[in-house]
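Structure assessment
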Amino acid sequence: MKFISWNIDSLNAALTSDSNRAQMSRQVLETIQDYQPDVLAIQETKLSAKGPTKKHAKRLEEWFPDYDYAWVSSVEPARKGYAGNMVFYKKDLSPEVTYPRIDAPEPMDSEGRMITLEFDNFYFTQVYTPNAGSQLARLGERQEWDKQYANYLTSLDAAKPVIAAGDFNVAHQEIDLAHPENNHHSAGFTDEEREGFSHLLSRGFTDSFRHVNGDVEGVYSWWAQRVKTSKENNSGWRIDYFLTSDRLSDQVEKSEMVDSGPRQDHTPIYLEINF
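Residues numbered from 1 in each chain as written. Predicted model: local features only at pLDDT ≥ 70, side-chain atom pairs only at ≥ 80, totals over all residues. Heavy atoms only, no water.

1. A closer look at the UniProt feature "site: Important for catalytic activity" (unreviewed entry) in the chain
Our working rule: UniProt positions are given in the numbering used here, feature names are shortened, and annotations may be inferred rather than shown by experiment. Helix and strand assignments follow DSSP, with helices taken as H or I runs no shorter than four residues and strands as E runs no shorter than two, numbered in order from the N terminus. Only protein chains enter the accessibility calculation, which uses a 1.4 Å probe; a residue is then buried when its area is under 20% of its type maximum, exposed when over 50%, and partly exposed in between. Contacts are assigned to residue pairs with any non-hydrogen atoms lying within 4.5 Å of each other. Here a polar contact means two N or O atoms within 3.5 Å. Within protein one must be a hydrogen donor candidate and the other an acceptor candidate, and residues neighboring in sequence count only if both atoms are side-chain atoms.
Per the UniProt record, the feature "site: Important for catalytic activity" (unreviewed entry) sits at Asp240. By the secondary structure assignment, Asp240 is in strand 12 (residues 240–245). Using a relative accessible area of 4% as the deciding quantity, one classes Asp240 as buried. Once residues lying within four places of it in the same chain are set aside, the contact partners of Asp240 are Asn7, Gly166, Asp167, Ser221, His266 and Ile269. Within the structure, Asp240 has its side chain in polar contact with the side chain of Ser221 (distance 2.6 Å).

So, in structure tokens, the structure goes:
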């Protein structure tokens, strides 16, 4: 099976705007179409609590006619139009869809951060992990999220193997970002966040990219939009992951980045697994 995960940073903009960035986003969607994934997970949709509008639904049908989809959005007491996820799956698949709440600090559970698909032989779950925030204001809550999320994945893994995809908002090792020396106190590379990710892996999960590609350097999934030359200079971070249950790791055939051209911010990631 083929899987793609992408933090799109506003589905509405990608579908309806005529800005240069929106046009680049649609070019990425065209690239995703070429892969024909069985499952496509999209994070940070930023839709309203009511989800896709009729206009969105029409555009999605044009882009992905062979897929059904499920969505979750931020609801009160969380901010409106914040976070949010959507998952597409081919119409010949019939997973059971759930929208987990993991007893995380509020309002994280209300921010539309997770969707899980249960298939006959495995779970597919996607996540948009909370950012520790400016000046690490949300680091304590983020640490609690990491603990609760690890517990959730472990509970799934006890029933059947798991594929966990998404924007985890952490660069795990120094080789996962271009300038580790400057970022030990930056959100996404604090000791606390990295330890949280290590703890998650220790519960029985594998970073599929490192499993397949070893200690390759200079491969990233995110480049800062605010720095115009970040992608040109490959000054990036690898913060998007496909994790698998350890017992699935040797069935992974590919785990890599999808070329998003000149578009900065996140690039999609791709997983191919032979069940």
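There's plenty left to go through after this.
2. Quick notes on the packing of aromatic side chains
Put simply, the test is: Classification of ring pairs uses Phe, Tyr and Trp, with its six-membered ring standing for Trp, and accepts pairs whose centres are within 6.5 Å; under 30 degrees between planes counts as stacked, over 60 as edge-to-face, and the remaining range as tilted.
Across all of its chains, the model carries 15 aromatic pairs by this definition. Between Tyr69 and Phe88, the aromatic rings sit 5.5 Å apart at their centres with planes inclined by 45°, giving tilted as the arrangement. With Tyr69 in strand 3 (residues 67–72) and Phe88 in strand 4 (residues 85–90), this residue pair connects regions lying 19 residues apart in the sequence. Phe88 sits in the buried class, given a relative accessible area of 0%. Measuring from centroid to centroid gives 6.2 Å for Trp222 and Trp237, while their planes differ by 85°, and the two rings are edge-to-face. Of this pair, Trp222 sits in strand 10 (residues 222–223) while Trp237 sits in strand 11 (residues 236–237), and the two are 15 residues apart along the sequence. Its relative accessible area of 22% is what places Trp222 among the partly exposed residues.

3. What to know about helix 2 (residues 20–35)
Counted only if it meets this: Helices are assigned an expected span. That span is 1.5 Å times one less than the residue count.
Here helix 2 is 16 residues long and its end C-alpha atoms lie 24 Å apart, about the 22 Å a rise of 1.5 Å per residue gives. Listed in full, the buried residues belonging to helix 2 are Ala22, Met24, Ser25, Arg26, Val28, Leu29 and Ile32. Gln36, located one to two residues past helix 2, shows a positive phi value of around 50°.

4. Remarks on unusual backbone geometry
A cis geometry characterises the amide bond from Glu76 onward to Pro77, with omega recorded as 10°. When you line up the elements, Pro77 lands in the loop between strand 3 and strand 4. In this model, Glu106 is joined to Pro107 through a cis peptide bond whose omega is 5°. Within the element layout of this structure, Pro107 appears in the loop between strand 5 (96–98) and strand 6 (114–118). For Asn234, which is not a glycine, the phi torsion comes out positive at approximately 50°. Here Asn234 is to be found in the loop between strand 10 and strand 11.

5. Details of the pattern of salt bridges
Keep this limit in mind: Every case where a carboxyl oxygen of Asp or Glu lies within 4 Å of a side-chain nitrogen of Lys or Arg is listed as a salt bridge.
This structure, assessed with the given rule, holds 14 salt bridges. For the salt bridge of Asp9 with Arg21, the shortest nitrogen-to-oxygen distance reads 3.1 Å. One end of the pair, Asp9, is in the loop between strand 1 (2–7) and helix 1 (11–16); the other, Arg21, is in helix 2, with 12 residues separating them in the sequence. The class of Arg21 is partly exposed, set by a relative accessible area of 23%.

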